[in-house]
Every structure is written in structure tokens, then in C-alpha cells.
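# Coordinate inspection notes
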Amino acid sequence: MALPSAPRTPRLVAAHALAAGIDFDRYFRWRRSREGDPFYVRFPGLGTALFTGTAAGARELFRAPVESLEPPRPNPIEPLVGAASLILSAGERHRRDRTLLAPAFHRGRIRAYGELIRDSAIDEISGAAAGSVPWRPGATIDARAASRAVTLRVILGAIFGVDDRERHAAYTTAVAEFLDAFSGPLLLVPALRRGAFGRAPWDRFLAARDRVDRLIRADIAHRRTTGRSDDTDILGMLLNSSVTLSDDELCEQLRTLVVAGHETTATSVVWALYHLHREPEVLARVRAEVRAAGSDADPMRLATLPYLDSVCQETLRLHPPVPIVLRRLTAPFTLRGVALAAGDTMGVALPLLHSDPTVWPDPGRFRPERFLERRFGPFEFAPFGGGHRRCVGATLAEYEMRIVLATILARVRLALTPRYARGRTPLSVPHNIATGPYRAITFDVLS
Ligand code: HEM
């Protein structure tokens, strides 16, 4: 395949990776402005991929024959999730693991997580959660840290049913250290993934991953020896299934859910809070809707409030936390008229798809009403990807965003700290598996 415009020398590749690391959305817009759609992008550790940012392109990619697709390898997130992860498996193995995991996220089961989500948010606001501070008037809240703590409690509760405070604290520390150890440079520059007498960032990352795995393996061993494998949580469900997974496989699948299942949702909650507090009319309208539902409303009712729903959709449109969706080809395929061979990689750039002015008038503006005025198709709006690999946790994430936001809005009044209340929206940069605001976004608690 001829790649006329993708950077090829190592220095250029590194410069492009740096540009993407500094401002992902702008980098993609720039690439497209030079080449049109589709366009090539090359990242170290990922190789070259042909990207599209149009609904027609997304349709072609998401409808490509399943048997000729697999995840790109080598994959920059492999050290995080592991080779056995659902995110990286293909073919029959992917089908099997998806069949195994998907029931944990079906709507019927999510209902059971509703109270877990609301209680986790309330514990954060009241300061009852380990390591949290009460959201009292005069306090300043780091929204990212708070959101991450809430969603981590939810995913740990859903997977392991962790209700032991000490064990929970051990998980929280280990997961935070593990994710923080996988910095942007380690993600984007594979050459840095080398040890140096226990002192290199890579050594620190491996040690942190080991600590998380030891906790997960201890939980698996405990369940296997006590025979406690009721399926009220995801681990129990997997141990009860007719497919026997080895401890290694189980550990990587569960680590995948922990990694994929909390930072993405946490980032989305932060962006929603950010935009709500920059748009007083939107905030007033959603607050009125939440108030009318009642502060003790069933969490599942909160998850169906129409204006809150459109606020969440608009947030995911403007800030898709997983901004690129990739497929590697195992057979020839044509994307937007460009012939690709087996071994080539193609992708959808969600920030471009979600800002196409022919679909989204005034695309840079946060305007939730657009989701009340029109329904958007799965190839126009795809924050959870599409086709056979669409995010397996999408339903949980959607409920979680709505319940956490409604719980916060019903209980406290916040204001963005002066640094964020005006001026440009903070840039999105890669954090582990997702992208998120490059700095903590802070709020003052008013009442
Ligand atoms: C707002 C929150 C979230 C967003 C925006 C998001 C987005 C995505 C995207 C774009 C993909 C790739 C889809 C594709 O290739 O077509 C994905 C895959 C995945 N997500 Fe999510 N996700 C979120 C939350 C979650 C949660 C809560 C979980 C689990 C608890 C989860 C687990 C996964 C897994 C396991 C995959 C791989 C699926 C496969 O390859 O079959 N995600 N997600």
C-alpha cells in the first residue's frame, strides 16, 4: 500500500505523536484538512491507519465483514489490558468472550447496579467514602478525582461485590497507581517500555500492574476455594458459566473491565459538569428536571429523564472519551474508495464524525436540545463505537453518567473555579485508555 502523506521517518513520527498528544482533536482536523477524507495517520506503536470522519465512512467500517476484522496489533493498550482481553481478541475467541461478558451488562442486570451507583455518588459528596472530603460550602472539588473515585467504586462493586472497606481501599490505591503509571509517553512511545534496574517508568508500571493482579487473583482464588460463586457480581457470573476460563484469562478480562469501565465514564461526568456550569440556562433546565423527579427518586427513573439524557449525549458528542475506533483487516477492503490490503488498519475519528456541520449545525456549541429535536443514526453519533465490537459496557456507562449527575445536581450547588469559568475549553489529552481534560477541573461548592 502506498502511503503518500503519512509521516515515515522516526523523527517525524515522533513529532506527529507529540502533536496528537498535545491536542488530539486539532491534530486530526489538521490531517484531514491536508488530505481530505479519508486520510492517513501514523502513530508509533500502532503503525499507519486510514481514518474517516464521515457518516458514510463510519457506515462502511462498522458494516465491514466481521470475519475480515481484528483489533490492531501491536496495540498501545496491550500492557494495560493484557493479550487475553476482550478488547484485543478476535474471531471465535472474541465471539466466545463477548457472549460470556455481555450478559453482565444487559439492561436487566444494570437495574441491580442503580443503587450501587447512587450510593457511591452520595458517599463521595458526603465524605463517607474512604479518602473523600465532604462537599461543604467553601470546599473546592477536583471533579476528575471525585468522579474517578465514584466510578471505580461502582465497577469494583459490580465485578467483585467488594463491600469490605479495607479491601476496597487496597483496590482503589492499587488501581490509581497502576493507571497513573501508564503515562502518555509510555502509551505513545513503545521504545520507552524498557526496564532499567527497577527505576524506569516501565518498571514502576509493571510493579503497579502486579499489585492490581495480586488483588484480583486473591479474589478469584478465594471464590474458587470457598465455592462462593453466586452470580450477583460479574466474577461470580463468570465462575458460574459453562465456559471455564483459566486464572490468567479471568485476571486479564477483569482487569480490562476495571480499566475500560471507570475512567471513560468518569471523564464524561467531568465534561458534563463542566459544560453545565458554563451554560446557566442548560444547568437551570436540567436541575429543574432532576428536582421534579424528587431527591429520593428511584435511580432508574433518574436514568430516563429526557433533558438529562440529551445533556449526556451532547457531552459524549463533544468529548468522546475513546476518540478513535480501529479495525485491522485480515482481507482486502475498500474504505471510501481507497483500496486496503490484509494487514492494513482503518479507523473512525469520532471527534470529526461528531462535528460534521452537515449533521451537527454549530458543532462546537454545547447544545443538548439538538438531541431532543432530532434522532441521530448509529453512523452519525458513535461514542461507543459500532458493529460487533461496540462497547460492551455502553448501557452501564449511560446509566451511570445519568445517575451520578442527577445525584450531584440534586444535592449540591457548584461553580467552576475562576480559571475554568471563562475562556477556552481545556484540551483533551490521552490518559491510559481514554482521553480527558489535561488538567484537573475544579469546582467551588456553593451550597
Ligand atoms: C462513557 C463511557 C464509555 C465510552 C465512551 C466507551 C467507549 C468505547 C469504545 C469507543 C469502544 C470501542 C468500540 C469499537 O471498537 O467499536 C469500547 C469498547 C469496549 N468498552 Fe467501552 N466505553 C465506555 C464505558 C465502558 C464501561 C463502563 C465498560 C465496562 C464495564 C466498558 C468496556 C468496554 C470493553 C470490554 C470494550 C471492548 C469491546 C469489544 O472489543 O468487543 N466500556 N468502549
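Structural data are supplied above this passage.
Here goes a summary of the coordinates provided.

Thresholds applied
Residues numbered from 1 in each chain as written. Predicted model: local features only at pLDDT ≥ 70, side-chain atom pairs only at ≥ 80, totals over all residues. Helix = DSSP H or I, 4+ residues; strand = E, 2+ residues; numbered from the N terminus. Rg over C-alpha atoms; globule rule 2.2 N^0.38 Å. Buried ≥ 20, exposed ≤ 12 C-beta atoms within 10 Å, placed from the backbone. Contact = placed C-beta atoms within 7 Å. Near = placed C-beta within 6 Å. Nonpolar A, V, L, I, M, F, W, Y, C, P; charged D, E, K, R; others polar. Expected span 1.5 Å × (residues − 1). Pairing = 2+ DSSP bridges. Axes fitted to C-alpha atoms, helices over the stretch in contact; angles between N-to-C directions. Parallel < 35°, antiparallel > 145°, perpendicular 65-115°, else oblique. Core = buried A, V, L, I, M, F, W, Y, C linked by C-beta atoms within 7 Å.

Moving on, we come to the overall build of the protein. For the protein, the count of helices and strands is 20 helices and 12 strands. On C-alpha atoms alone, the protein measures out to a radius of gyration of 21 Å, which is about the 22 Å that the 2.2 N^0.38 rule sets for 447 residues. Reported as C-alpha extents along the three principal axes, the dimensions of the protein are approximately 60 × 55 × 45 Å. Burial status across the protein gives 44% buried among its 447 residues. Considering only residue pairs separated by 6 or more positions, the protein has 73% of its internal contacts joining residues 24 or more positions apart.

Once that is clear, we can look at the site of the ligand. Around the ligand, the surrounding shell holds 27 residues, and the nearest of these are G261, G385, C391, G393 and A397. When residues of the shell around the ligand are traced back to their parent elements, those giving at least two are α12 (247–260), α13 (263–276) and α19 (394–411). Its residues assigned to classes, the shell around the ligand comprises 15 nonpolar, 9 polar and 3 charged.

In this model α19 runs 26 Å from its N-terminal to its C-terminal C-alpha over 18 residues, within 8% of the 26 Å that 1.5 Å per residue would give. Counting buried positions over the 18 residues of α19 gives 15, a clear majority of the element.

Bringing the sheet that holds strand β9 (residues 414–416) into the picture now. The strand order across the open sheet built from 3 strands is β4-β12-β9, with neighbouring strands paired in antiparallel fashion. In the strand order of this sheet, the two ends are held by β4 (140–142) and β9, each with one partner. Direction aside, neighbouring strands of the sheet carry axes that sit 35° apart on average. Bridge count for β4 against strand β12 (residues 442–445) is 3 bridges, and the pairing is antiparallel. The partner of D142 across the bridge, within β12, is T442. Along the sheet face, helix α7 (residues 143–160) touches β4 and β12 and points at about 60° away from the line of β4.

The next thing to look at is the packing of helix α14 (residues 280–293) against α19. As a packed pair, α14 and α19 sit with axes 9 Å apart at the nearest point and diverge in direction by 90°. Comparing their axes, α19 and α14 come out roughly perpendicular. For the pair formed by α14 and α19, the contact residues are V286, R287, V290 and R291 on the first element and A406, L409 and A410 on the second. Here the residues of the contact of α14 with α19 are counted per class, giving 5 nonpolar, no polar and 2 charged.

Across the sheet, which stays open at both edges, the 5 strands sit in the order β1-β2-β8-β5-β3 with mixed pairing between neighbours. The sheet is open, and its two edges are formed by β1 (39–43) and β3 (69–70), each paired on a single side. Pairing of strand β2 (residues 47–52) with strand β8 (residues 345–349), which is carried by 4 bridges, proceeds in the parallel orientation. Looking across to β8, one finds that F51 is bridged to G347. The sheet contacts of helix α2 (residues 24–35) involve β1 and β8, and relative to β1 the element is tilted by about 135°. Packing against the sheet, helix α3 (residues 55–62) makes contact with β2, β5 (324–329) and β8, and its axis sits at approximately 135° to β8.

Sheet topology places β1 next to β2; 5 bridges connect them, and they run antiparallel. Following the sheet pairing, Y40 is matched in β2 by L50.

This part covers the nonpolar core. I159, A272, V404, L405 and A406 are the most contacted members of the largest nonpolar core, which has 122 residues in total. If we skip the residues at most four places from it in the chain, A272 touches V311, C312, T315, M401 and L405.

A few words now on helix α16 (residues 306–318). Between its terminal C-alpha atoms α16 stretches 19 Å, which fits the 18 Å expected from 13 residues at 1.5 Å a residue. When we look at burial in α16, the residues that qualify are L308, S310, V311, C312, E314, T315, L316, R317 and L318.

For the peptide bond that leads from D37 to P38, omega is 10°, which places it in the cis range. By the element assignment, P38 lies in the loop between α2 and β1. Within the chain, R336 stands out as a residue other than glycine whose phi angle is a positive 50°. Position of R336 relative to the elements: it lies in the loop between β6 (333–335) and β7 (338–340). Overall, the presence of 17 C-beta atoms within 10 Å leaves R336 in the partly exposed class.

This part takes up the environment of S447. Here S447 shows up in the segment after β12. Distance in space between the C-alpha atoms of S447 and R413 is 5.2 Å, their sequence separation being 34 residues. Leaving out residues up to four positions away in the same chain, S447 has contacts with P137 and R413.

This part takes up the pairing of β8. Walk down a regular strand and you will see the side chains alternate between the two sheet faces. Among the 5 residues of β8, 5 are classified as buried, and the element is accordingly described as predominantly covered. Of the two faces of β8, the one lined by T345, G347 and A349 and the one lined by M346 and V348 are each fully buried. By the bridge criterion, 5 bridges tie β5 to β8 in an arrangement that is antiparallel. Each residue of the ladder has a partner; that of I324, found in β8, is A349.

Everything listed is a geometric property; what it means functionally is a separate question.
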